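Coordinate inspection notes
Single-letter residue listing:
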Amino acid sequence: MKIDKTSGVYKACMLGILCAVCGILLSTVNAITAPIIQENALASVKSSLEQIYPGATFTDVTEDKIGLLELKDGEDNLIDGIYNAEGKGTIFTLHSTGYNADGFKFMIAYNNDGSVGGYSVLEQAETAGKGDKAFKDPYVSDVLKLTSSDTMPLITGATITTTAVGKAVDQARQVFNKMNNISYDENATATPAPKAEPVALGKEDFKDNKAECSETSNDGTTAVYACKAHGFEGINEATVTVDVASKSVKSIEVTKFGDTESVGDQATKAAELEKYKGVTLESKVDSTTGATFTSTSLRAMITTALQAATK
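Residues numbered from 1 in each chain as written. Predicted model: local features only at pLDDT ≥ 70, side-chain atom pairs only at ≥ 80, totals over all residues. Heavy atoms only, no water.

Regarding the packing of aromatic side chains
Geometry of an aromatic ring pair is reported as the spacing of the ring centres plus the angle between the planes. Taken as a whole and judged by the stated rule, the model has 10 aromatic pairs. Note on Phe-92 and Tyr-110: the rings are 6.5 Å apart at their centroids and 70° apart in plane angle, and the pair reads as edge-to-face. Taken together, the residues Phe-92 in strand β3 (residues 89–96) and Tyr-110 in strand β4 (residues 104–111) connect sequence positions 18 residues apart. Here Phe-92 and Tyr-110 have matching classes, each one buried. (Phe/Tyr/Trp six-rings, centres within 6.5 Å; stacked < 30°, edge-to-face > 60°. Helix = DSSP H or I, 4+ residues; strand = E, 2+ residues; numbered from the N terminus. Buried < 20%, exposed > 50% of the residue type's maximum accessible area, 1.4 Å probe, protein only.)

Rendered as C-alpha cells:
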C-alpha cells in the first residue's frame, strides 16, 4: 500500500511521533542535568550554610518541603531555600523587606530538637545603628536562645526591621514544625519591645541628634528658639518657646518634618506635642510608640532650648 505523504493523516502521525521522540529526549536530558543543576545551586550557598553547621552534609529539600507552607491571604512566600544538614538540623534562607525598600536576606537554622542552631544575615542595607541592630548582638544572641515554638523578639527603634524578620521566620517555623510534628501556637504574635525607662531631659544623651537652637526673640519673659535635630534619617525642625522665669517649655511647634511619613510623624501630632508643655530639664518624657527616633529629636531640641535659656 502506497503511503500518501501529503495527506493530513500522515502528517498528523509524523508530528505525533516527532513530539514523542522530543519528549523522550527532553526527559532524558532533564534526568541527566537536573541533579547537576541542583548540585551547582547547593554549591553556591554551601559556604553560607557552613557558617552555621561547619562540615555538614547538606541536601536541598526545598522542592520537597515548600508545599508544607500555607500562606494567608495576601501573604508572599518569603522562603528562598530549605536545606537539611544531616544529623544536625535544617537551615532556611529567607528574604523580607524592612525599612529599606531593597529588602534583606538572612538565614535561620533549627537543630533537630527544635532549638535555634544559627541566625545570620546574608544581605542587608538597613539603617546603620537602627534597623541593622536586627543582625547584630545582642539581638543575635537573644535569637539563639529561642526554639521553633517561639516568635522573634522586637527591638525598640528597629520595630519595622524586626517585624519583617519575624514574618519570614514565622514561615520557616511553620514548615520546620510540620516537618518534625512539633506543636506550637501558629497565631502567637511577637511581644512589643519594652520601652526604655525615660530619664530627666538634662541627663539624656542626645549626641546623635546633633541638635542646634538659635534664639529668635527674648523679651525677658518669653524666649523663642528656632531649632533643628537629626531624627531617624532626616532632620526635623521646630520652634520652641520657653518661659524664662520658670525655665519651662511653653510650646513646641514642628516647622519641618524630615522623617518617615505615617511613622515618625505620629510624634508630631498636636496631642503628642501638648505633653511637652511645662517640662523642664528635670522632666522625664516618654517617646511616642512607633516613633522613637522622631520623639528623641523633639526632646533634643527642647533640651537644647532649655539649656540656652538657663545661660
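Still more ground to cover, so stick around.
Topic: the pairing of β3
A large share of β3 lies buried, amounting to 7 of its 8 residues. Alignment of strand β2 (residues 79–85) against β3, held across 6 bridges, turns out to be antiparallel. Of the residues in β3, the one forming a bridge with Asn-84 is Thr-90. If you look at the hairpin formed by β2 and β3, you'll find 3 residues sitting between the two strands, and Gly-87 has a positive phi there, around 75°. Looking at chain direction, β3 and β4 are connected through 8 bridges and run antiparallel. Looking across to β4, one finds that Gly-89 is bridged to Asn-111. (Pairing = 2+ DSSP bridges.)

As for the sheet that holds strand β8 (residues 235–243)
Spatially, 4 strands are ordered β6-β7-β8-β9 in an open sheet, and the strand pairing comes out antiparallel. Strands with a single pairing partner mark the edges of an open sheet, and in this sheet they are β6 (212–218) and β9 (248–256). Each strand of the sheet is rotated relative to its neighbour by a mean of 20°, with strand direction disregarded. Where strand β7 (residues 222–230) lies against β8, 9 bridges are found, and the strand directions are antiparallel. Residue pairing for β8: Lys-228 is matched across the bridge by Glu-237. Where helix α6 (residues 292–309) meets the sheet, it contacts β6, β7, β8 and β9, and its direction lies at approximately 40° from that of β8. (Axes fitted to C-alpha atoms, helices over the stretch in contact; angles between N-to-C directions. Contact = heavy atoms within 4.5 Å.)

Notes on the sheet that holds β4
The pairing of strands in a sheet comes from backbone hydrogen bonds and takes either a parallel or an antiparallel form. Strand order across the open sheet formed by 5 strands is β1-β2-β3-β4-β5, with antiparallel pairing between neighbours. Edge positions in the sheet fall to β1 (58–60) and β5 (116–123), since each of these pairs with one other strand and no more. Strand-to-strand, the axes of this sheet are offset by a mean angle of 20°, without reference to chain direction. Packing of helix α4 (residues 159–179) onto the sheet brings it into contact with β2, β3, β4 and β5, and relative to β4 it is tilted by some 35°.

Quick notes on the nonpolar core
The biggest cluster of nonpolar side chains holds 29 residues, and the ones touching the most others in it are Phe-92, Leu-94, Phe-106, Ile-108, Tyr-119, Met-152 and Val-165. Those elements that place two or more of their residues in this core are β2, β3, β4, β5, α3 (139–143) and α4. Counting residues per element, this core draws most heavily on α4, at 7 residues. Other than its neighbours up to four places away in sequence, Phe-92 contacts Ile-79, Gly-81, Ile-82, Phe-106, Met-107, Ile-108, Tyr-110, Ala-172, Val-175 and Phe-176. (Core = buried A, V, L, I, M, F, W, Y, C linked by side-chain atoms within 4.5 Å.)

Considerations on the state of the cysteines
Under the defined criterion, the tally for this structure stands at 1 disulfide. In this model Cys-213 forms its disulfide with Cys-227; the gap between the sulfur atoms is 2.1 Å. Because the sign of the S-S torsion sets the handedness, a value of about 115° for the bond joining Cys-213 and Cys-227 places this disulfide among the right-handed ones. Taken as a pair, Cys-213 in strand β6 and Cys-227 in strand β7 lie far apart in primary sequence, 14 residues in all. Using a relative accessible area of 23% as the deciding quantity, one classes Cys-213 as partly exposed. (Disulfide = S-S within 2.5 Å.)

Structural notes on α6
The terminal C-alpha atoms of α6, which comprises 18 residues, lie 26 Å apart, in line with the 26 Å expected from a rise of 1.5 Å per residue. The buried count for α6 comes to 13 of 18 residues, which makes it a mostly enclosed element. (Expected span 1.5 Å × (residues − 1).)

Observations concerning the pattern of salt bridges
A full pass over the atoms with the stated rule returns 8 salt bridges. Notably, a salt bridge pairs Lys-178 with Glu-70, separated by 3.0 Å at the nearest N-O pair. In this pair, Lys-178 sits in helix α4 while Glu-70 sits in the loop between α2 (62–65) and β2, placing the two residues 108 residues apart along the sequence. Looking at Lys-178, the relative accessible area reads 28%, which means it is partly exposed. Its relative accessible area of 55% is what places Glu-70 among the exposed residues. A salt bridge links Lys-277 to Glu-274; the nearest nitrogen and oxygen atoms lie 3.1 Å apart. (Salt bridge = Lys/Arg side-chain N within 4 Å of Asp/Glu carboxyl O.)

What to know about the environment of Thr-90
Within the secondary structure layout, Thr-90 lies in strand β3. Spatially, the C-alpha atom of Thr-90 lies 6.5 Å from that of Asn-111, the residues being 21 residues apart in sequence. Among residues more than four places away in sequence, those in contact with Thr-90 are Tyr-53, Ile-82, Tyr-83, Asn-84, Ile-108, Ala-109, Tyr-110, Phe-176 and Met-179.

A few points about the pairing of β6
Pairing of β6 with β7, which is carried by 6 bridges, proceeds in the antiparallel orientation. Each bridged residue has a counterpart across the sheet, and for Cys-213 the counterpart in β7 is Cys-227. The antiparallel pairing of β6 with β7 creates a hairpin that spans 3 residues between the two strands, and Gly-220 there sits at a positive phi of about 90°.

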